[in-house]
Amino acid sequence: GSSIGQLKNGLKVAFVGEAGVDGGGLTAELFKLVAEELISHAADSKAAAKCSSSLFRALPDGTLIVAPGQQATRELYYAVGRLLGIAVLLEHFFPLPLCSAMLKMMVD
């Protein structure tokens, strides 16, 4: 694993088939794309019910909560948690609208 000191130096994100040097913009784009994918699976309740890897369920106010009864793998939850942690550590915006109960669980 990476040490916190190494992570504080930032991520160096590269997209396959695209030229670019990550000065922060590519990292922000990665976080945006991951959040959009998670939100789209959660927002489509029919797709979320059929998709066993849907991590979240959208609440009526548009925020997300962990999807109950889904068979998402521990690795998926771990990966999302790591990305959220990295975003916080690097002070990057991660546009995932978690509900207040989820945020409270994260800080308690």
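Scroll up for the structure.
Here the structure is a predicted model, which is why all the values come from computation and not from measurement. (Residues numbered from 1 in each chain as written. Predicted model: local features only at pLDDT ≥ 70, side-chain atom pairs only at ≥ 80, totals over all residues. Heavy atoms only, no water.)

Chemist: So, the packing of aromatic side chains: which residues are in play, and what are the values?
Modeler: Here the structure, examined in full by the defined rule, presents 1 aromatic pair. Residues F31 and F94 carry aromatic rings whose centres are separated by 5.2 Å and whose planes lie at 40° to one another, so their mutual orientation is tilted. Separated by 63 residues along the polypeptide, F31 in helix α2 (residues 25–43) and F94 in the loop between α4 (74–89) and α5 (100–107) bring together distant segments of the chain. Residue classification places F94 among the buried positions, given a relative accessible area of 10%. (Phe/Tyr/Trp six-rings, centres within 6.5 Å; stacked < 30°, edge-to-face > 60°. Helix = DSSP H or I, 4+ residues; strand = E, 2+ residues; numbered from the N terminus. Buried < 20%, exposed > 50% of the residue type's maximum accessible area, 1.4 Å probe, protein only.)

Chemist: Which residues make up the environment of L83, and what values do they have?
Modeler: As for its position among the elements, L83 is in helix α4. In this structure the C-alpha to C-alpha distance between L83 and F94, which are 11 residues apart in sequence, comes to 8.6 Å. The contact partners of L83, leaving out residues within four places of it in the chain, are F31, V34 and F94. (Contact = heavy atoms within 4.5 Å.)

Chemist: Account for the nonpolar core, with residues named and values stated.
Modeler: Core analysis: the largest hydrophobic core is formed by 18 residues, its most contacted members being F56, F94, L96 and L98. Counting residues per element, the ones that place at least two in this core are α2 and α4. Per-element tally for this core: the top contributor is α4, with 5 residues. Look past the residues within four positions of L98 in its chain and what remains in contact with it is F56, T63, L64, L84, L103 and M106. (Core = buried A, V, L, I, M, F, W, Y, C linked by side-chain atoms within 4.5 Å.)

Chemist: Can you tell me about the pattern of salt bridges, naming the residues and giving the values?
Modeler: The final tally for this structure, using the stated rule, is 2 salt bridges. When the shortest N-O distance is used, the salt bridge between K32 and E29 registers 3.9 Å. Highlighted residues: K32 and E29, both in helix α2, separated by 3 residues, approximately one helical turn. According to the relative accessible area criterion, K32 is partly exposed, its value standing at 32%. A salt bridge links E36 to K32; the shortest N-O distance between them is 3.3 Å. With E36 and K32 both in helix α2 and 4 residues apart, the pair spans about one turn of that helix. The partly exposed category is assigned to E36, whose relative accessible area is 41%. Overlapping salt bridges bring together E29, K32 and E36 as one network. (Salt bridge = Lys/Arg side-chain N within 4 Å of Asp/Glu carboxyl O.)

Read these as geometric descriptors, not functional statements.
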